[in-house]
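An overview of the molecular structure
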Amino acid sequence: MNKLSLMGLFGLVVRRDLLLAMRRRADVLTTLIFFVMVVSLFPLGVGPEIDMLRKMASGVVWVAALLASMLSLPRMFSADYADGTLEQMMLAPQSLSVLVLGKIVAHWMLSGLPLALIAPVLGLQFDMSAPALWTLVLTLLLGTPVLSMIGAIGAALTLGLRGGGVLVSLLVLPLCIPVLIFGAGAVDAVTSGMSVASNMSLLGAFMLFALVFTPFVAAQALRISME
Amino acid sequence: MLEVGNLACSRGDHRLFSGLCFTLQPGQLLQVQGANGSGKTSLLRTLCGFIQPDEGEILWHGKRVRDLGEDYYAELLYLGHLNAIKDELNALENLQMSAGLAGYTISEKQAVSVLRRMGLQRREHLPVRVLSQGQRRRVALARLLTSDAHLWILDEPLTALDVGAVGLMQELIGEHLSKGGMTIFTTHQPLQVAGVETRQLTLS
């Protein structure tokens, strides 16, 4: 019997959540398909006015990403809560924050990362330029982890509540507005020929800030929900 | 050694118990008894730290559990009403994952031999969702065999188990106690461990 290090435990939680998601693929695909559908509906609804589409592209993709990532949030802890695994996680002889961070990272890999990777294909429908597409992917890569991290707090707080899914969105969406503004703003800056440095630095700062604080806060919220 | 002094606990406005005191020494077995709703599960969950007691102290080797935190959890094994196993995973994966969450790794060979002893041979690679209720409970109980925790807190460990498995549980608890372990459990079925006196704690 070998003791498991903190990193080992982190890796185990990430691996476990990815393995579970692979055995239950429908959940992962729901988020992605929702994202693709919402973004694709706009060109159809607005019509072939290429200038208008180009202008709204970044905003549409970002709002759709925000809503899509809300879809999978209620499931972040609920399965573990229902079958008792969460109790065992609380009793792990390591920091609960690290466990929660592992779950957040796995959640991002399953909900945020696929959105960022498929975004360029969707951006083509809006006739976005190549630099704008790159910036879009980059902002999504920086911004979606923040959505997962803030979302984890909401998911932990609403654990075991009826209608928790709606409540999570109400709690989390307002907190995600800065990410939306600077994410979409960076893409607009590129299309109008300005520097993206300020937007990107702010997004990076949000991510680091969230990385430091949210796992701890989410862990405390879980302890409250378990009482 | 686990010492509980003047413990009080309530759920909502309802006071479940108060002034509860007991000490558990290595090698001792404690059965918590009481009618439905008398607070057995709440007591066990308080001992695990899920619930904050209203009053009183829980000491592990003379130190407050709250201050020990993760050091206490490393010595504790809790088995609740919920099995904490995943339907999508097979018995082997479940056992390895729960060992990982408890802070250690076990080899596949070791996991297979443990599952054999739990009477799950040739079921190791089946998804747990196709197993019966009793077999799922056995998968959950297999954790007892891999762990080196000193304090076992078992909430209704015998639910859904057949006569053979109940015998096996008595054997496991006996082995654990003879190694200087401690066990607190609740059950509505008789559970006798050979050569060990079962202490009773009745909540009313």
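Quick look at the structure, then. (Residues numbered from 1 in each chain as written. Chains lettered and ligands numbered in written order. Predicted model: local features only at pLDDT ≥ 70, side-chain atom pairs only at ≥ 80, totals over all residues. Heavy atoms only, no water.)

**Digging into the overall build of chain A**
- Secondary structure summary: chain A contains nine helices and one strand in total.
- From first element to last, N terminus to C terminus, chain A shows the α and β order β-α-α-α-α-α-α-α-α-α.
- Relative to its length of 227 residues, chain A is compact, with a C-alpha radius of gyration of 18 Å against a globular reference of 17 Å.
- If you line up chain A on its principal axes, its C-alpha atoms span 60 × 35 × 30 Å.
- Counting the 227 residues in chain A, one finds 50% classified as buried.
- Sequence-distant contacts, at least 24 apart, represent 81% of the contacts inside chain A between residues at least 6 apart.
- Here chain A carries 12 positive and 10 negative side-chain charges, and the mean point of each set is 9 Å from the other. (Helix = DSSP H or I, 4+ residues; strand = E, 2+ residues; numbered from the N terminus. Rg over C-alpha atoms; globule rule 2.2 N^0.38 Å. Buried < 20%, exposed > 50% of the residue type's maximum accessible area, 1.4 Å probe, protein only. Contact = heavy atoms within 4.5 Å. Lys, Arg positive; Asp, Glu negative; His and termini not counted. Charge placed at Lys NZ, Arg CZ, Asp CG, Glu CD.)

**Side note on the overall build of chain B**
- A count of helical and extended segments in chain B gives seven helices and 10 strands.
- Rg of the C-alpha trace for chain B: 17 Å, near the compact-globule value of 17 Å for 204 residues, within the 12% margin.
- Projected onto its principal axes, the C-alpha coordinates of chain B cover approximately 50 × 35 × 35 Å.
- Here the contacts in chain B between residues at least 6 apart in sequence split such that 68% fall between residues at least 24 apart.
- Just so you have it, chain B exposes about 8,700 Å², and 47% of that area is on carbon and sulfur atoms. (Areas by Shrake-Rupley, 256 points an atom, 1.4 Å probe, with all protein chains shown as cover.)

**Side note on the packing of helix α1 (residues 6-23) of chain A against helix α6 (residues 96-124) of chain A**
All names here are of chain A.
- Interhelical geometry of α1 versus α6 gives an angle of 35° and a closest axis separation of 8 Å. At the point where α1 passes α6, the crossing takes the right-handed sense. Facing L6, L9, F10, V13, V14, R16, D17, L18 and A21 of α1, the residues of α6 in contact are V98, L99, L101, G102, K103, V105, A106, M109 and L110.
- A per-class count over the contact of α1 with α6 returns 14 nonpolar, one polar and three charged. (Axes fitted to C-alpha atoms, helices over the stretch in contact; angles between N-to-C directions. Left-handed = near helix turned anticlockwise from the far one by under 90°. Nonpolar A, V, L, I, M, F, W, Y, C, P; charged D, E, K, R; others polar.)

**A few points about the packing of aromatic side chains**
Residue and element names in this part refer to chain B.
- All told, the structure shown has five aromatic pairs over all chains when counted by the stated rule.
- Taking 6.1 Å as the distance between ring centres and 45° as the angle between the ring planes, the aromatic pair formed by Y72 and Y73 counts as tilted. Accessibility classification places Y72 together with Y73 in one group, the buried group.
- Aromatic ring contacts, followed pair by pair, group W60, Y72 and Y73 into a single cluster. (Phe/Tyr/Trp six-rings, centres within 6.5 Å; stacked < 30°, edge-to-face > 60°.)

**Description of a nonpolar patch on the surface**
- A contiguous nonpolar patch, built from L208, F209, L211, V212, F213, F216 and V217 of chain A and spanning about 700 Å² of accessible area, is present on the exposed surface.
- By the element assignment, F216 of chain A lies in helix α9 (residues 197-226). (Patch = residues over 30% accessible without salt bridge, like charges linked within 9 Å, V, L, I, M, F, W, Y side chains within 5 Å. Salt bridge = Lys/Arg side-chain N within 4 Å of Asp/Glu carboxyl O.)

**Some details on the nonpolar core**
- Counting 97 residues, the largest nonpolar core has F77 of chain A together with L151 and I184 of chain B as its most contacted members.
- If one sorts the elements of this core by residue count, helix α7 (residues 130-157) of chain A sits on top with 12 residues.
- Not counting residues up to four positions away in its chain, the partners in contact with F77 of chain A are L86, V100, K103, A152, A155, A156, L159 and L222 of chain A.
- One finds A99, L120, V139 and F185 of chain B within the second-largest nonpolar core, a separate group that totals 38 residues. (Core = buried A, V, L, I, M, F, W, Y, C linked by side-chain atoms within 4.5 Å.)

**Some thoughts on unusual backbone geometry**
- Phi angles above zero are rare outside glycine, and H61 of chain B is one such case at about 50°.
- Considering the arrangement of structural elements, one finds H61 of chain B in the loop between β4 (55-60) and β5 (63-64).

**Thoughts on the state of the cysteines**
Residues and elements named next belong to chain B.
- This model, assessed by the stated rule, comprises zero disulfides over all chains.
- Between C48, a cysteine without a disulfide, and C9, which holds the nearest cysteine sulfur, the sulfur-to-sulfur distance is 12 Å.
- By relative accessible area, C48 is classed as buried at 0%. (Disulfide = S-S within 2.5 Å.)

**Considerations on the sheet that holds strand β9 (residues 182-186) of chain B**
Residue and element names in this part refer to chain B.
- One open sheet accounts for five strands, arranged β6-β8-β9-β3-β10; its pairing is parallel. Of all strands in the sheet, those bounded by a partner on one side alone are β6 (76-79) and β10 (198-202). Across this sheet, the average inter-strand angle for adjacent strands is 15°, counted without regard to direction.
- Strand direction decides the pairing type here: strand β8 (residues 151-155) and β9, joined by five bridges, are parallel. Of the residues in β9, the one forming a bridge with L154 is F185. (Pairing = 2+ DSSP bridges.)

**Remarks on helix α1 (residues 40-48) of chain B**
All names here are of chain B.
- In terms of burial, α1 is a largely internal element, eight of the nine residues being buried.
- Within α1, burial applies to K40, S42, L43, L44, R45, T46, L47 and C48.
- Trailing α1 by a residue or two, G49 shows a phi angle of about 90°, which is positive.

**Regarding the pattern of salt bridges**
- Overall, the coordinates contain 20 salt bridges over all chains when judged by the stated rule.
- Here R16 of chain A ties to D80 of chain A by a salt bridge, and the two come within 2.8 Å at their closest N and O atoms. Here the residue R16 of chain A occupies a position in helix α1, and D80 of chain A occupies one in helix α4 (residues 75-82), the gap between them amounting to 64 residues. With respect to burial, R16 of chain A and D80 of chain A carry one shared label: buried.
- Here R24 of chain A makes a salt bridge to E88 of chain B, at a shortest N to O gap of 2.9 Å.

Any functional reading would require information that these geometric values do not contain.
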